[in-house]
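What follows is the residue order along each chain.
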Amino acid sequence: MDNLKSEFFIPLVVNELITTGKASVKVLDTTSKWFGVTYAADRQGVVDKIQSLVDAGEYPNKLF
């Protein structure tokens, strides 16, 4: 982890954990849409989407 800002391909890491017997994975089916923040420019769209889910009662206002 020389570069803490570097990215990695999550499926490769998960596959390594599975094949070495360090982890198992359970895939959950959902109809929900995935969204996330990869770049700083993505942040506001995700904040707005989370707020709309909170407003609709589909997501808790306070998670922790």
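Computed from a predicted model, the values in this text were never measured in an experiment.

(A) The overall build of the chain, seen in detail. In terms of helices and strands, the chain carries 2 helices and 0 strands. Judged by the C-alpha coordinates and their principal axes, the chain covers about 45 × 30 × 20 Å. Residue burial in the chain is summarised as follows: out of 64 residues, 5% are buried. About 6400 Å² of surface is accessible on the chain, with carbon and sulfur atoms providing 58% of the total.

(B) Here's a closer look at a nonpolar patch on the surface. A surface patch of nonpolar side chains, amounting to about 730 Å² of accessible area, comprises Trp 34, Phe 35, Ile 50, Tyr 59, Leu 63 and Phe 64. Note that Phe 35 resides in the loop between helix 1 (10–19) and helix 2 (43–55). Residue classification places Phe 35 among the partly exposed positions, given a relative accessible area of 31%.

(C) Quick peek at the layout of surface pockets. In this structure, the largest pocket spans a volume of roughly 170 Å³. Lining the largest pocket are Glu 7, Phe 8, Phe 9, Ile 10, Pro 11, Trp 34, Gly 36, Val 37 and Thr 38. For the lining of the largest pocket, the class distribution of residues is 6 nonpolar, 2 polar and 1 charged.

(D) Broad picture of the environment of Glu 7. Relative to the elements of secondary structure, Glu 7 occurs in the segment before helix 1. Spatially, the C-alpha atoms of Glu 7 and Val 27 are 23 Å apart, while their sequence positions differ by 20 residues.

(E) Looking closely at helix 2. The first and last C-alpha atoms of helix 2 sit 18 Å apart over 13 residues, in line with the 18 Å expected at 1.5 Å per residue. At the C-terminal side of helix 2, Gly 57 shows a positive phi close to 80°.

Rules of the game
- Residues numbered from 1 in each chain as written.
- Predicted model: local features only at pLDDT ≥ 70, side-chain atom pairs only at ≥ 80, totals over all residues.
- Heavy atoms only, no water.
- Helix = DSSP H or I, 4+ residues; strand = E, 2+ residues; numbered from the N terminus.
- Buried < 20%, exposed > 50% of the residue type's maximum accessible area, 1.4 Å probe, protein only.
- Areas by Shrake-Rupley, 256 points an atom, 1.4 Å probe, with all protein chains shown as cover.
- Patch = residues over 30% accessible without salt bridge, like charges linked within 9 Å, V, L, I, M, F, W, Y side chains within 5 Å.
- Salt bridge = Lys/Arg side-chain N within 4 Å of Asp/Glu carboxyl O.
- 1 Å grid on protein atoms, 1.4 Å probe; cavity = no way out; pocket = protein on both sides within 12 Å on 5 of 7 lines; lining within 4 Å.
- Points joined across faces, edges and corners; volume = space filled by probe spheres on them.
- Nonpolar A, V, L, I, M, F, W, Y, C, P; charged D, E, K, R; others polar.
- Expected span 1.5 Å × (residues − 1).

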